[in-house]
Amino acid sequence: MEFIVAIELGSSKMTGIAGRKNLDGSISVLAVVKEDSTSCIRKGVVYNIDKTAQCITTIVKKLKTILKTDITQVYVGVGGQSIRGVKNVIVKEMETETIVTQDMINEIMDANRNMSYPEQEILDAATQEYKVDAQYQLDPVGIQCSRLEGNFLNILWRKTFYRNLNKCFENAGIAIADMYLAPLALADSVLTEAEKRAGCVLVDLGADTTTVSVYSKNILRHLAVIPLGGNNITKDIASLQMEERDAEQMKINYGSAFTDNADIDNSLKLSIDRDRSVESRKFIEIVEGRLSEIIENAWYQVPNENMDKLLGGIIITGGGSNMPNIERAFRNHTHLDKVRVARFVTHTIDSSSPEINAHDGTMNTILALLAKGDENCAGEEISNNLFDTDDKINSPTAEIHKAPRNPNEIQGKGVVQTEAEKKLAEEEARRAEEERIRQEEEERLERERQEAEERRHNSPLNKVWRWLKKFGGSIVADAGEE
């Protein structure tokens, strides 16, 4: 039995999914499990390593029980607050006009990837374009120029968050097959090629955060995560003297992203419970007020140079996209007519899970991560033998990606190197640098030997000696002839 396993660490819940990819390109979902993560993950970021590791272990054990098969590795989505895109430019000046080679491109990409940011880790780098002298090119190889400029969007995350996430899986004893940037995986699964090419904004309305991804000419141009989400609306409703649980239910029952003023009944009361109620207008003002703030903050993230390049419009997804009239609210604030809600991924999914079949946008990210997986995560079948132990859970030292991937091969693909892969890559880079220094030292010693030999050969004493030898030789020759 073969299947792929993916885990999404969300602010309100952690989700694990197992699925099988079919020959026709469809995906059959075999199992879906969830765990409450409010006590260990905030705004998409791990803050309690031990509790998160326990959640991961529970998720994997539940999946193994359902599948009756061991799990050797999992795919993981990285997202949450503090992820941000930062533009960077690397310039290579040539003394004379030179034809651009792939080695030059790799050198520029490596220089960008080796950029250092205080307390920040580069998760991925999306190549924007190259400036060849005065012309912009997506592929400059083969073009002659004297100045080559690489433009990149570096996606950063705080180093502590990155280390914490890796530590959680290490403590849980679960091997990571690959880590993906969740926003990029999501974009690949809900956006069309036409939307990415024409220019669009993807807004993922989550529980604690809202993620904004801007695309143009099929390239990620900007990525930002806003620390505002559906839970902020719930908390604002709870300020009307009620429990958050009741506030959440009221949001689901009565919340609307937009209500025309003429349709508001000032005498209408909305029921909180059997004894209490709240004025309809007050409730609407609270919901719309906070949602307006979220939309305006999301729209503010769109760079000015992309404002007139959004022919693909705005695409909304995530749990918050289920609020009635959400498209109308976005149109009112952004003045863009082209707005759609992506309630499901573009892949063909076969599942008996009600949560997946609801097509409400809440499962899009986990399905996108499942679609990214391409390595079998299934181990041996689990026997019912009472004497079998649970020692078969993979250790974090499992031989996954024995050779670290070349960063140039994954630029802008949303693939994040795990800590183990980073260590392997750093060790390889260290060995390569040591070898380079050794070769340079050998070449230096050889040059010095040759220069010393040449100096000795050309010294006045040596010249006199060579002349005397030649002169002596000629005298001997003359004597022989006599």
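Everything numeric in this text was worked out from a predicted model, so none of it was measured.

A. Geometry of the overall build of the chain. Regarding its fold elements, the chain presents 13 helices and 22 strands. Against the 2.2 N^0.38 benchmark of 23 Å for 482 residues, the chain shows a C-alpha radius of gyration of 31 Å, more extended than a compact globule. In terms of overall dimensions, the chain has a C-alpha envelope of 140 × 65 × 45 Å along the principal axes. Relative to its 482 residues, the chain shows a buried fraction of 46%. For the chain, long-range pairs separated by at least 24 residues make up 69% of all intrachain contacts whose partners lie at least 6 apart in sequence. Of the roughly 25,100 Å² that the chain leaves accessible, carbon and sulfur atoms contribute 48%.

B. Fine view of the packing of helix 6 (residues 230–238) against helix 7 (residues 244–254). For the pair helix 6 and helix 7, the least separation of the axes is 8 Å and the interaxial angle reads 110 degrees. One element, helix 6, and the other, helix 7, form an angle in the roughly perpendicular class. In this structure, helix 6 meets helix 7 at a crossing whose hand is right-handed. Of the residues in helix 7, those in contact with Gly 230, Asn 231, Ile 233, Thr 234, Lys 235, Ile 237 and Ala 238 of helix 6 are Glu 244, Ala 247, Glu 248 and Lys 251. Here the residues of the contact of helix 6 with helix 7 sort into four nonpolar, three polar and four charged.

C. Local environment of the pattern of salt bridges. The full count for this structure, using the stated rule, is 27 salt bridges. Taking the shortest distance from any N to any O, the salt bridge between Lys 167 and Glu 170 comes out at 3.9 Å. With a gap of three residues between them, Lys 167 and Glu 170 both fall in helix 3 (residues 159–172), about one helical turn apart. Residue classification places Lys 167 among the partly exposed residues on the basis of a relative accessible area of 35%. The partly exposed category is assigned to Glu 170, whose relative accessible area is 39%. Linking Glu 441 and Arg 444 is a salt bridge whose minimum nitrogen-to-oxygen distance equals 2.3 Å. Note that Glu 441 and Arg 444 are positioned in helix 12 (residues 419–458) at a spacing of three residues, about one turn of the helix. Salt bridges here are not isolated pairs; linked through shared partners, they connect Glu 427, Arg 430, Arg 431 and Glu 434.

D. Focus on the side chain of Gln 128. By the element assignment, Gln 128 lies in strand 9 (residues 120–132). When its relative accessible area of 5% is taken as the criterion, Gln 128 is described as buried. Not counting residues up to four positions away in its chain, the partners in contact with Gln 128 are Leu 138, Asn 151, Phe 152, Leu 153, Ile 219, Leu 220 and Arg 221.

E. Highlighting unusual backbone geometry. Even without being glycine, Lys 43 reaches a positive phi, approximately 50 degrees. Counting through the fold element by element, Lys 43 comes out in the loop between strand 4 (41–42) and strand 5 (45–46). Residue classification places Lys 43 among the partly exposed residues on the basis of a relative accessible area of 23%. Unusually for a residue other than glycine, His 359 sits at a positive phi of about 50 degrees. Take His 359: it is sitting in the loop between helix 10 (354–357) and helix 11 (364–372). By relative accessible area, which is 36% here, His 359 ends up partly exposed.

F. Expanded view of the environment of Gly 80. By the element assignment, Gly 80 lies in the loop between strand 7 (74–78) and strand 8 (84–99). In sequence terms Gly 80 and Val 46 are 34 residues apart; their C-alpha atoms lie 9.3 Å from each other. Other than its neighbours up to four places away in sequence, Gly 80 contacts Lys 43, Gly 44, Val 45 and Val 225.

G. Region of the structure containing helix 2 (residues 102–113). Here helix 2 spans 16 Å end to end across 12 residues, near enough to the 16 Å set by a 1.5 Å rise per residue. Among the residues making up helix 2, those that are buried are Met 104, Ile 105, Ile 108, Met 109, Asn 112 and Arg 113. If you follow the buried residues of helix 2, they end up packed against strand 8, strand 9 and strand 11 (144–158).

H. Examining the sheet that holds strand 22 (residues 415–416) more closely. Pairing is mixed across the open sheet formed by seven strands, whose spatial order is 20-3-2-1-7-12-22. With one partner strand each, in any of the chains shown, strand 20 (349–350) and strand 22 form the two edges of the open sheet. Relative to strand 20, strand 3 (residues 27–36) runs parallel, the two sharing two bridges. Each bridged residue has a counterpart across the sheet, and for Ser 28 the counterpart in strand 20 is Asp 350. Contacting strand 1 (4–9), strand 2 (13–21) and strand 3, helix 1 (residues 49–67) crosses the sheet at an angle of about 140 degrees to strand 3.

I. Geometry of the nonpolar core. One finds Ile 7, Leu 9, Ile 56, Ile 83, Trp 157, Phe 169 and Leu 367 to be the most contacted residues of the largest nonpolar core, which totals 76 residues. Residues within four places of Phe 169 in sequence aside, it is in contact with Ile 7, Leu 9, Ile 56, Val 74, Val 76, Ile 174 and Ile 176. Residues Val 214, Val 278, Ile 314 and Met 323 belong to the second largest nonpolar core, which totals 36 residues.

J. A look at helix 1. The terminal C-alpha atoms of helix 1 lie 27 Å apart, and with 19 residues this matches the ideal 27 Å at 1.5 Å per residue to within 8%. For helix 1, every residue scored as buried is listed here: Thr 52, Ala 53, Cys 55, Ile 56, Ile 59, Val 60, Leu 63, Lys 64 and Leu 67. End-on, the buried residues of helix 1 take up no more than an arc of 170 degrees, which puts them together on one face. Set apart from the buried face of helix 1 by more than 90 degrees, the exposed residues are Asp 50, Gln 54 and Thr 65. Measuring from the backbone nitrogen of Asp 50 back to the side-chain oxygen at the start of helix 1 gives 3.3 Å, which picks out Asn 48 as the cap. Downstream of helix 1 by a residue or two, Lys 68 has a phi angle that is positive, lying close to 55 degrees.

Cut-off values and rules
Residue numbers run consecutively from 1 along every chain, following the written order of its sequence. Selection of residues for local features in this predicted model requires a pLDDT of at least 70, selection of side-chain atom pairs for listing and counting requires 80 or more, and totals for whole chains, interfaces and linings are taken over all residues. The basis for every side-chain value is the complete set of heavy atoms in the structure, and neither hydrogens nor water enter the calculation. Segments assigned H or I by DSSP are reported as helices when at least four residues long, segments assigned E as strands when at least two residues long, and all are numbered from the N terminus. A radius of gyration in this sense is built from C-alpha atoms; the matching globule rule multiplies 2.2 Å by the number of residues raised to 0.38. Only protein chains enter the accessibility calculation, which uses a 1.4 Å probe; a residue is then buried when its area is under 20% of its type maximum, exposed when over 50%, and partly exposed in between. A contact between two residues is defined here by any heavy atoms of the two lying within 4.5 Å. Only the protein chains shown count as cover for residues, and all accessible areas are computed by the Shrake-Rupley method using a 1.4 Å probe. Axis definition: a line fit to C-alpha positions, over the contact stretch in the case of helices; interaxial angles, taken between N-to-C directions, run 0 to 180 degrees. For classification, angles of less than 35 degrees are called roughly parallel, those exceeding 145 degrees roughly antiparallel, those between 65 and 115 degrees roughly perpendicular, and all remaining angles oblique. The crossing is said to be left-handed when, going from far helix to near helix, the turn is anticlockwise and less than a right angle, and right-handed when the turn is clockwise. Gly falls in the polar group here, along with every residue not listed as nonpolar (Ala, Val, Leu, Ile, Met, Phe, Trp, Tyr, Cys, Pro) or charged (Asp, Glu, Lys, Arg). One side-chain nitrogen of Lys or Arg within 4 Å of one carboxyl oxygen of Asp or Glu is enough to make a salt bridge. By definition here, a helix of n residues has an expected span of 1.5 Å times n minus one. Should DSSP find at least two bridges between two strands, the strands are taken to pair. As used here, the term nonpolar core means buried Ala, Val, Leu, Ile, Met, Phe, Trp, Tyr and Cys residues forming a set that is joined through side-chain atoms within 4.5 Å. Summarising the geometry, the arc corresponds to the directions from the helix axis toward the C-beta atoms. Pairs of N or O atoms are called polar contacts if they sit within 3.5 Å, as long as, within protein, a hydrogen donor faces a hydrogen acceptor (for residues adjacent in sequence, only side-chain-to-side-chain pairs).

Just distances and angles here, no functional claims.
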